[in-house]
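# Observations on chain architecture
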Amino acid sequence: NVLLDMVSTDTARIIGNYLDTDVMLWGKYMHIWVSVNIRSPLQCMMLISHVKESIKFFLQYEKLPKICYFCCRFGYGDQDCEEHLSNLAAIKDHLP
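Let me sum up the structure you'll find in this document. Just so it is clear, the model here is predicted, and its values are computed rather than measured. (Residues numbered from 1 in each chain as written. Predicted model: local features only at pLDDT ≥ 70, side-chain atom pairs only at ≥ 80, totals over all residues. Heavy atoms only, no water.)

Here the focus is the pairing of strand 3 (residues 45–50). Strand direction decides the pairing type here: strand 3 and strand 4 (residues 53–58), joined by six bridges, are antiparallel. Along strand 4, the bridge assignment pairs Met46 with Phe57. (Pairing = 2+ DSSP bridges. Helix = DSSP H or I, 4+ residues; strand = E, 2+ residues; numbered from the N terminus.)

As structure tokens, this is what we get:
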């Protein structure tokens, strides 16, 4: 449990402001409640060093407003992202 406490509080500090941790693990998932600044891009992966090894965690978010996973901004999805659409158009222009 010491490792879990360290992971949850360290993770929360990196992502946002720590609110709470679910003491039960759900399979390979641990629920950590944080408040995040939705004006900044979200992190999708992080490394936490413990003793002699680094542990890679992939982050998933729940109960968020609509999000673009291409540019990591809120308020619209991938299909409405100008940056994503311009990149797709550039790729299509270079295809035979």
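To continue, consider the state of the cysteines. For the coordinates displayed, the defined rule picks out zero disulfides. Summary of cysteine pairing: Cys81 is not part of a disulfide, and the nearest cysteine sulfur, belonging to Cys68, is at 3.7 Å. For Cys81, a relative accessible area of 1% puts it in the buried group. (Disulfide = S-S within 2.5 Å. Buried < 20%, exposed > 50% of the residue type's maximum accessible area, 1.4 Å probe, protein only.)

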